[in-house]
Amino acid sequence: MSNTKDFIIEQLKSRISGYQAEAKEQTVGRVLKISDGIALISGLSDAMMSEILIFKSNGQEIVGVALNLEENLVGAIILGEFAVIKEGDEVVCTKRILEVPVGPNLVGRVVDPLGAPLDGKGKIEAAKFYPVEKIAPGVITRAKVKDPVQTGIKAIDAMIPIGRGQRELIIGDRQIGKTAIAIDTIINQKGQNMKCIYVAIGQKESKIANIVAKLEEAGAMSYTTIVLAGASNSASLLYIAPYAGCAMAEYFLDQGEDVLIIYDDLSKHAVAYREISLLLRRPPGREAYPGDVFYLHSRLLERSCKLNADFGGGSITALPIIETQAGDVSAYIPTNVISITDGQIYLEPDLFYQGQRPSVNAGLSVSRVGSTAQIKAMKKVAGKMRLEAAQYRELAAFAQFGSDLDTDTKNKLERGKRLYEIFKQDQYLPVHVAKQVLIYYALINGYIDNVPVEKTREFEQGLMKYADLNNQALNLIEEKKELTEEVEVKIKKLIEDYKATLDYLTK
Amino acid sequence: MKISARQYAESLAQSISSKSKPEMAVILDNFAKIMMENRDLNRLDEILTAFSKIWDKNQGELAVEFTGARAISEKTKKEIEEYLKLKTGAQKIVLTEKTDENILGGLVLRYEDKVINASLKQSLQDLKNEINK
């Protein structure tokens, strides 16, 4: 007991003797004007761009960031409670650029954009502090995107493969499953050696609570960080949230790890930035967004990358989400982000309401990285699937008019119907890549042609259960990642054995 | 184009420097006339604040606000003046004194937009932060 006491006293003594009182010269300013989370400050002659400023009001210290440096004024956004700041309050420079805590201790936590915990699980010990704004890695440091991110969503992994280091936009109207795709992808990263960061920008906190519960249930929080700037937070916090999330991802990147980061969603981010810009009296442009709204998103998304082996070989894969209004992809922000990203997953309301979920539109969705980011087995079975799926929809619309169709067209239509049935997938149930290969193999080799369309999903689920029980074929696909003859024989046998147990097949 | 308060003050300071008292009176009269013509009289406060800063700077004067917990001795004052002259390169230091018991001890210096806080209160706060680390 006394040992502990002595230890504490020793520690205290060394701390106090180690402390040297020194008076530093600080640059201060005074708040001239404060409104809507924006402060105009006089003085602060040596303030830096995006420097942390401390507002001293009523004995509290409130953090702000310098955004506008003018001749006699500094315009700053306030990160936190701005109601207590009064005109004439003192503001102090800190000589530190805005930074957030990063490190392994953030994994499994829900934090605000400044890295403060929101989940009540106690203080977070940061390994390091990283600046929120950082220039993206250059050409020399990068490598080709070639390793897959398995989303576990059949339609996406087959048609729109995503690679580690890619930026794939998820775009669509409200309430048609954009977040669902992102969450399923996070759930499917279990055991894939991937850290996940979900940045919620202007989302309802109830929705985030649901997501956290779902991720915990699926065991996905053990590799996930959630950065939350909720709908009730000020525009300034919403504005820095994605950059803060990216800084946290960059820590793992620097450790040579792979990171998946989801920005949900960037339309709200653009709106928050518009609010700040207009309050700072920057001139408005199209749709009242400021002139640098393109740079706002391009500098963020450019930080996603695949580094080459000399630089650690880590990657940041970004899945930004954009919400469109009434399916209008030609609005300002959607076109901007489409042009920045390496492809998009377009979710279509019509498909969604027909019960085709996830409602991925095969024609408009594209991945510019393409099949280099697929395992060989998947490449083989899903090679032309996107084209076929898109053609089927054209054909189906056309075939509604006439009944006289040649057998070739009929076959295509029947195959297409079954393909779309297979694309259907329930939420929170990602499918392993080996199983995806299995079901697509069955489809393209005609094993499903004699299964009635309405029974296709039942057939698929049965096949997967059967494959789980007799898992040699799955293990072989998993191991070889390639459709060798040996694997094909195993798959064929598995499917035939399974079909022998069914009674609903047509002749 | 609108003339800023700073520009007014700058030009006034330039035209008035090294002039005799009667000359100054004429210049000031003219200055007031120009301001009236430009209808900028309502900004006089702003201009005067800017002017006093520019004037001080041109004359090598530095206005320093000095806060101590108790009244300070002449000797300390001298020392502070010497220190500030060395630090800022000012010719002359104009001290305004204030006492504030809340800082407990030590002193706080303010000039331009700088603060040197050597108060006991700040030291205790720093010590507290250090121990909490």
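Residues numbered from 1 in each chain as written. Chains lettered and ligands numbered in written order. Predicted model: local features only at pLDDT ≥ 70, side-chain atom pairs only at ≥ 80, totals over all residues. Heavy atoms only, no water.

### Focus on the environment of leucine 98 of chain A
All names here are of chain A. How we decide: Secondary structure elements follow DSSP: runs of H or I no shorter than four residues count as helices, runs of E no shorter than two count as strands, and numbering proceeds from the N terminus. Contacts were defined at the residue level, with two residues in contact if any of their heavy atoms lie within 4.5 Å.
Relative to the helices and strands, leucine 98 resides in the loop between strand E6 (90-97) and strand E7 (99-102). Taking the C-alpha atoms as reference points, leucine 98 and isoleucine 345, 247 residues apart in sequence, are found 33 Å from one another. Excluding its chain neighbours within four sequence positions, the residues that come into contact with leucine 98 are Ser50, Ile52, Val65, Leu79, Leu114, Tyr130, Pro131, Val132 and Ile240.

### Considering the confidence of the model for chain B
Low-pLDDT portions of the prediction should not be read for the details of their coordinates. Residues and elements named next belong to chain B. Our working definition: As a per-residue quantity, pLDDT reports the predictor's confidence and falls between 0 and 100.
Residues with a pLDDT of 70 or more make up 98% of chain B, whose mean pLDDT is 85. Averaged over each element, pLDDT in chain B is lowest for helix H5 (residues 120-132) (82) and highest for helix H2 (residues 21-37) (89). Per the prediction output, this complex has pTM 0.89; the corresponding ipTM is 0.75.

### Observations concerning the pattern of salt bridges
Residue and element names in this part refer to chain A. This is how the line gets drawn: Take a side-chain nitrogen of Lys or Arg and a carboxyl oxygen of Asp or Glu: if they are within 4 Å of each other, that pair is a salt bridge.
One pass over the structure, following the stated rule, counts 38 salt bridges over all chains. Put simply, aspartate 119 and arginine 109 hold a salt bridge, and the shortest N to O gap is 2.9 Å. Residue aspartate 119 is found in the loop between strand E8 (110-111) and strand E9 (128-131), and its partner arginine 109 is found in the loop between E7 and E8; the two are separated by 10 residues along the sequence.

### Quick notes on helix H5 (residues 235-254) of chain A
Each α-helix winds once per 3.6 residues, and so residues spaced three or four apart point in a common direction. Residues and elements named next belong to chain A. Going by this rule: Multiplying 1.5 Å by the residue count of a helix minus one yields the expected span of that helix. The angle between axes fitted to the seven-residue stretch ending at a residue and the seven-residue stretch beginning at it gives the bend at that residue.
When the terminal C-alpha atoms of H5 are compared, their 30 Å separation across 20 residues agrees well with the 28 Å that a helix rising 1.5 Å per residue should span. The sharpest bend along H5 reaches about 35° and sits at alanine 241, with the proline proline 242 one to four residues further on. Count one or two residues on from H5 and you reach glycine 256, which has phi positive near 80°.

### Thoughts on the sheet that holds strand E15 (residues 258-264) of chain A
All names here are of chain A. Rule in force here: The criterion for strand pairing is that DSSP finds at least two bridges linking the strands in question. Simply put, an axis is a line fit to the C-alpha atoms, just over the touching stretch for a helix, and the angle between two N-to-C directions goes from 0 to 180 degrees.
Judged by pairing direction, the sheet is mixed, and its eight strands sit side by side in the order E8-E14-E13-E15-E16-E12-E17-E18 without closing on themselves. Of all strands in the sheet, those bounded by a partner on one side alone are E8 and strand E18 (366-367). In this structure, strand E17 (residues 343-346) lies alongside E18, joined through two bridges in antiparallel fashion. Each residue of the ladder has a partner; that of glycine 343, found in E18, is serine 367. Against the sheet, H5 engages E8, strand E13 (194-203), strand E14 (224-230), E15 and strand E16 (315-323), with an angle of about 175° to E13.

### Things to note about empty space enclosed by the protein
Residues and elements named next belong to chain A. To keep it simple, the criterion reads: Whether a set of points on the 1 Å grid over the protein atoms alone is a cavity depends on a 1.4 Å probe fitting there but being unable to get out, while an open set qualifies as a pocket with protein on both sides within 12 Å along at least five of seven lines; lining residues are those with an atom within 4 Å of a point. Grid points are joined across faces, edges and corners, and a volume is the space filled by probe spheres set on the points. Three classes are used: nonpolar for Ala, Val, Leu, Ile, Met, Phe, Trp, Tyr, Cys and Pro, charged for Asp, Glu, Lys and Arg, and polar for all others, with Gly counted as polar.
Going through the model one piece at a time under the given rule, you end up with one cavity of 30 Å³ or more. As for the largest cavity, its lining consists of Pro148, Val149, Gln150, Asp157, Pro161, Ile162, Ala373, Gln374, Ile375, Met378 and Val433. Within the lining of the largest cavity, the residues separate by chemical class into eight nonpolar, two polar and one charged.

### So, the interface of chain A and chain B
Selection rule: Each of two parts loses accessible area, computed with a 1.4 Å probe, when they are put together; buried area is these two losses added. N or O atoms within 3.5 Å of each other form a polar contact, as long as, within protein, one can give a hydrogen and the other can take it, and as long as residues adjacent in sequence are counted only when both atoms are side-chain atoms.
Tallying the contact residues gives 19 residues for chain A and 16 residues for chain B. Where chain A abuts chain B, roughly 1,400 Å² becomes buried across the two surfaces, and 50% of that area is made up of carbon and sulfur atoms. Of all residues in chain A, the largest losses of buried area upon contact with chain B belong to Arg15, Tyr19 and Glu25 of chain A, amounting jointly to 41% of the total for that side. The salt bridge partner of aspartate 46 of chain A is lysine 114 of chain B, with a shortest N-O separation of 3.9 Å. One can count seven residue pairs in polar contact (both at pLDDT 80 or more) joining chain A with chain B. At the level of elements, helix H1 (2-18) and strand E1 (25-35) of chain A are the ones that each hand at least two residues to the side of chain A that touches chain B. With five residues, the single largest contributor to the side of chain A that touches chain B is E1 of chain A. The sheet contact formed by E1 of chain A and strand E4 (residues 114-119) of chain B spans three bridges and is antiparallel. Residue pairing in the sheet places threonine 27 of chain A in a bridge with lysine 114 of chain B of E4 of chain B.

### Some points on the side chain of aspartate 265 of chain A
Residues and elements named next belong to chain A. For aspartate 265, the position within the fold is in the loop between E15 and helix H6 (266-279). Within the structure, aspartate 265 has its side chain in polar contact with the side chain of serine 267 (distance 2.9 Å). Reaching out from aspartate 265, the side chain makes a polar contact with the backbone nitrogen of lysine 268 at a distance of 2.9 Å. Contact partners of aspartate 265, with chain neighbours within four places excluded, come to Ile201, Gln203, Ile321 and Glu323.

### Quick look at the pairing of strand E2 (residues 92-99) of chain B
Residue and element names in this part refer to chain B. The criterion, for reference: The handedness rule is simple: strands pointing away from the viewer, and a clockwise path from the first strand over the helix to the second, make the crossover right-handed.
Sheet topology note: the strand E1 (residues 61-68)/E2 ladder contains eight bridges and is parallel. Note that in E2 the partner of threonine 67 across the bridge is lysine 98. Note that the unit made of E1, helix H4 (residues 74-88) and E2 has a crossover that is right-handed.

### Concerning a positive patch on the surface
The condition that has to hold: Patch construction takes residues with relative accessible area above 30% that form no salt bridge. Like charges are linked within 9 Å, and nonpolar side chains (Val, Leu, Ile, Met, Phe, Trp, Tyr) are linked within 5 Å. Only the protein chains shown count as cover for residues, and the accessible areas themselves come from Shrake-Rupley with a 1.4 Å probe. For this count, His and the chain ends are skipped, Lys and Arg are scored as positive, and Asp and Glu as negative. Positions of charges follow a simple convention, taking NZ of Lys, CZ of Arg, CG of Asp or CD of Glu.
A cluster of basic residues, Lys144, Lys146, Lys376 and Lys379 of chain A, forms a positive patch at the surface. Tracing the backbone shows lysine 376 of chain A in helix H10 (residues 376-382).

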